[in-house]
Each structure stands twice: as structure tokens, then as C-alpha cells.
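Now for the letters of each chain:
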Amino acid sequence: MLASRPSRAATKIQHLISPGGIEAWFVQDSTVPLIAMEYGFGGGASQDPANKPGVGNLVADLLDEGSGDLDSRTFHERLDRRAIELSFSSTRDHFRGSLRMLKDNKDEAFDLLRTALTSPRFEVSDVERIRAQVLSNLRRESTNPSALAGRKFLEVAFGDHPYGRHAHGTLESVPKIEIAELKNYVGRVLAKDTLKVAVVGDVDPDTLGKLLDHTFASLPAKATLTPVADVVVTKPPQRAFIPLDVPQTVVTFGGPGIRRSEPDFMPAYVVNHILGGGGLSSRLYREVREKRGLAYSIYEALVWMEHSALFIGNTGTRADRASETVDAIDKEVRRMAEEGPTQKELDEAKSYLKGSQMLALDTSSKLAQAMLQYQIDKLPIDYIEKRNAIVDAVTLDDARKVSQRLWGQGLLTVVVGRTPQAAAQQVSTPSAATPPATVSPPAAAPSAAKPSAPN
């Protein structure tokens, strides 16, 4: 239902201001009778109390569990009856939400969102049910090598900064979160001054302005956010090891990145595609998977936040070949830092990144997600139109300089798996190319909630 393709003309974005002053980026598209809205408030997990990580995540899980005079069951029945999709999430820097509906159900959809944001119930029974689900997930993560590696990596990278905390909370913190703290978070974070909104769909500007006012106008005018300091990722090289008796060893690696506002960002984005972001065409994939057969898959990505930036990668390998895998990754990263990409690699990466942009915006939901991310990143409203020219402007000299800046210091590396002695004793029956069950973006990585919008 939601896989509508906006026309090329529809990607012309309007800057809409409602009668009540709510601003939104808006694409009117009547191709199909659907409306998709993405929105975000400043704050996110960085606003969790230092001793109680997971408050924002628990709020996100509870906002659709009843509001106003609707209990949880009635609220969900209203959503289901009208095929309304409503969800919330707490990322490192933002509390985000998503709303999708058929055009004919827009009034009820926006009204349900309004009550969820302004009068959540936080009934004891609902809080305890959702808390139990969160704790169940955390217990599962406690034996998941990818989750453990991701959490440890952030601790190494950021120390006691809010970015180093566990966004979903811990087995120790989540049981102690009180309902009063959930209500306090909502009152401090969900406010109009940090609100960003993106809407794509079959609705006219006047109607949308009234819907936005109805939904957001009664929120507090200003958020009361705890200041978050800028932080630089811990300087590489460093390595950490977590022993875990699992057949497959997980390796998470990374280091300091480049902020989205810096001039070097687009050269970094292009050259990162060459090293590890390009899937089957990346250097890391060729060196680690194709040439050496050490892993089934490997990825690496840039991650940028309000107060820092990093690159992070992940792979999984047979326990007895973990050391060889780490060495192969380190060698390829150092080679990229010293030599940079070739002109052919640069040209192919630029061609791919330009051609893939419209494919990445082929649904109303994806376009709305991208528009919201562009606002969060403080990009101009015509960025979609300018983006390919910015990619084209990246030179080989730019790419080589930024490669040295990104990867010249080496890597922060976290390895989770059997000890070398245990690995040496294991029976090596599985093939190295067996698809891993846990090689995926680390559950605690800051990129986990970031939309896959083109940059």
C-alpha cells in the first residue's frame, strides 16, 4: 500500500508554514491517495539520565500504548481499523516518529498522533508489559556477539559521554525507570522549538497546515534539554576482546569520522563507498571475502551525529581465523589511507552514487525520511537538486586527502568470540563462507536508527 512512487516533478520540495507557525518540508503528490509524514524532536537517548539509560527508548515503545481516554487496546484497534501506521523511536540525538495513512483517514490518523504526543497514559500494566519486552531483548543481546561488540565499541569510542551509553538501556537500568521519569522526558523533549517535519502525499497545503496545527500546536513552546558536549572519538589504534563461547567470532572496527557540516564530508562519503560501503564492489569485500574467504559479508559506514562522527564496520568469521581477519581489515584500511583510491574507482563510485539517488527515493516514505534527515543535517531545501553536482565535484586529490584523514591513524577494534586457545582446539567443520547469523549493524551502534537516505 505504501510503496507509491513519487513522480520526478513531485520531488520539488515546498517550505510550508502552518497558520500556527509549524514548519514542514512538503511534497504534494496525488499519484496515489496516501500520506507519509516523518518528524523528529531534538533530544533522543542523549537526554536519558546518566544513571538510567533507556528512558527515551521506553517512552518510544509506550507512546502508542493508549492516550487520552483511549486505553492501549482501544488505541490499537483504532489504528488497525483504519490501516494507520504510527511508530516512534529514540536515536542518539533525536526522538523521531513516523505516520502513514490513506488520504481518507488523515483526520483520525493525525488526531491519534496528537493524543499520543500530548496525553500518553503510561498505565502501570502497559509500562510493565513493555518493560518486560525490553528486558527480554536486552537479555538476548547479552549473548549476541554483534550486540556485545557494538556496545563495547561505543564505550571505547566515547567513554563516559552520553554517546557511550546504551541507548536501549541495560539490565540494571531499565527495571529502575519510573513512570514519573517517562512523563518528565516527554515534557522536556517533545517541544515545538526543535520539531522538524517532512510530509509527502495526497494533501493540499491548506489542509496540511491545519492538520499540523491540530497535531503539534499544543506542545510546549520550548524544550528543556540537558546540554550535550561535542566529543572526539578515542584516538586509534586500540583493541578490545570479549570472550564468548560461540562458533563465529564477530569483529567491529572503526575510528574518528567526519561531521556532516564539514567540507570534507562528501569526499569522505564517496571514498567510504569504495572502501567498505559499496557492498559486493567494495575493497574490504574483495579482500576479506573474495580473495581470502574469511567472512561471508563485511560492511563499513560513516556515522554522523550532532556532537561527533565516526566510521564503523562489522564482520563475522570462524573463530580460528579471527586474527587473520583483523589483520586483513587493518592492512586494507592502511593501504587506502596511504594510497587513496584510483581514478577508475573514484569515477565508478561517483557514477553509482549519482544514479542510485532516485532509486533510494522511490516511495513516499523513503522521500519523507530523506527530507527529514536533510533538515536534521541542516542542508538546504534544494539539496536533492544540487546533490549530484556536489558528488561530481569530488576530485582524486580530495579523495586521497580525506582517506589519509579518516584511516591514517589505524583502527579501534573490538573482537567478540572464543579465546585464541579455545579457537585452536575447536573442530573446524563449518566453511568460512557459511552465512553468519549475527553479522549485522551492531544493535547499539548509533547508525542503527539512521534512515537510509542518500547523502
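Our subject is the structure listed above.
Residues numbered from 1 in each chain as written. Predicted model: local features only at pLDDT ≥ 70, side-chain atom pairs only at ≥ 80, totals over all residues. Heavy atoms only, no water.

### Quick look at the overall build of the protein
Right, so step 1: Of the regular secondary structure elements, the protein holds 15 helices and 11 strands.
Right, so step 2: Since a compact globule built from 455 residues should have a radius of gyration of about 23 Å, the 23 Å found for the protein is in line with a globular shape.
Right, so step 3: For the protein, the C-alpha atoms occupy an extent of roughly 60 × 50 × 40 Å along the three principal directions.
Right, so step 4: Here the analysis covers contacts within the protein between residues at least 6 apart in sequence; of these, 83% occur between residues at least 24 apart.
Right, so step 5: Carbon and sulfur atoms make up 50% of the accessible area of the protein, which totals about 19000 Å².
Right, so step 6: In the protein, which carries 55 positive and 56 negative side-chain charges, the distance between the mean positions of the two groups comes to 3 Å. (Helix = DSSP H or I, 4+ residues; strand = E, 2+ residues; numbered from the N terminus. Rg over C-alpha atoms; globule rule 2.2 N^0.38 Å. Contact = heavy atoms within 4.5 Å. Areas by Shrake-Rupley, 256 points an atom, 1.4 Å probe, with all protein chains shown as cover. Lys, Arg positive; Asp, Glu negative; His and termini not counted. Charge placed at Lys NZ, Arg CZ, Asp CG, Glu CD.)

### Comments concerning the nonpolar core
Right, so step 1: Val270, Leu302, Ile329, Met371 and Trp407 are the most contacted members of the largest nonpolar core, which totals 55 residues.
Right, so step 2: For this core, the element with the most residues is helix H8 (residues 265-277), which contributes eight residues.
Right, so step 3: Counting 51 residues, the second largest nonpolar core, distinct from the first, contains Ile22, Leu58, Phe122 and Leu211. (Core = buried A, V, L, I, M, F, W, Y, C linked by side-chain atoms within 4.5 Å. Buried < 20%, exposed > 50% of the residue type's maximum accessible area, 1.4 Å probe, protein only.)

### Digging into unusual backbone geometry
Right, so step 1: Omega for the bond connecting Pro236 with Pro237 falls within 30 degrees of zero, at -5°, which places this linkage in the cis form.
Right, so step 2: For Pro237, the position within the fold is in the loop between helix H7 (205-216) and strand E7 (238-243).
Right, so step 3: Phi at Phe122 is positive, roughly 50°, even though this residue is not glycine.
Right, so step 4: Mapped onto the fold, Phe122 is located in the loop between helix H3 (106-118) and helix H4 (124-141).
Right, so step 5: One non-glycine residue, Lys378, lies in positive phi territory at about 60°.
Right, so step 6: Position of Lys378 relative to the elements: it lies in the loop between helix H12 (364-376) and helix H13 (383-392).
Right, so step 7: Classification of Lys378 by relative accessible area gives exposed; the value is 66%.

### A few points about the sheet that holds strand E8 (residues 248-256)
Right, so step 1: Strand order in this open sheet of five strands is E7-E11-E8-E10-E9, and the pairing throughout is mixed. Either end of the sheet is taken by a strand with one partner, and the two such strands are E7 and strand E9 (295-304). Taking the axes of each pair of neighbouring strands and ignoring which way they run, one obtains an average angle of 15° across the sheet. (Pairing = 2+ DSSP bridges. Axes fitted to C-alpha atoms, helices over the stretch in contact; angles between N-to-C directions.)

### Overview of the pattern of salt bridges
Right, so step 1: Using the criterion set out here, one finds 35 salt bridges in the structure.
Right, so step 2: For Glu262, the salt bridge identified is with Arg405, shortest N-O distance 2.6 Å. Placement of the pair is Glu262 in the loop between E8 and H8 and Arg405 in helix H14 (residues 396-407), with a sequence separation of 143 residues.
Right, so step 3: In this structure, Lys344 and Glu348 form a salt bridge, with 2.7 Å as the shortest nitrogen-oxygen distance. Remark: Glu348 and Lys344 occur in helix H11 (residues 343-355); sequence separation between them is four residues, near one turn of the helix.
Right, so step 4: By relative accessible area, which is 46% here, Glu348 ends up partly exposed.
Right, so step 5: Among the charged side chains, a network of salt bridges with common partners joins Arg283, Arg286, Glu332, Arg335, Glu339 and Glu345. (Salt bridge = Lys/Arg side-chain N within 4 Å of Asp/Glu carboxyl O.)

### What to know about the side chain of Ser98
Right, so step 1: Among the structural elements, Ser98 can be located in strand E5 (residues 94-102).
Right, so step 2: In this structure the side chain of Ser98 is engaged in a polar contact, spanning 2.8 Å, whose partner is the side chain of Glu38.
Right, so step 3: Here Arg100 takes part through its side chain, which lies 2.3 Å from a polar atom of the side chain of Ser98.
Right, so step 4: Not counting residues up to four positions away in its chain, the partners in contact with Ser98 are Met37, Glu38, Tyr39, Glu85, Leu86 and Ser87. (Polar contact = N/O pair within 3.5 Å; in protein donor to acceptor, adjacent residues only side chain to side chain.)

### Notes on the packing of aromatic side chains
Right, so step 1: Scanning the entire structure with this criterion turns up nine aromatic pairs.
Right, so step 2: Ring geometry for Phe265 against Trp304: centres 5.0 Å apart, planes inclined by 75°, an arrangement best described as edge-to-face. Of the two residues, Phe265 is situated in helix H8 and Trp304 in strand E9; the sequence distance between them amounts to 39 residues.
Right, so step 3: Linked through ring pairs, Tyr39, Phe41 and Phe216 together constitute an aromatic cluster. (Phe/Tyr/Trp six-rings, centres within 6.5 Å; stacked < 30°, edge-to-face > 60°.)

Without other data, these values stay purely geometric and don't point to any function.
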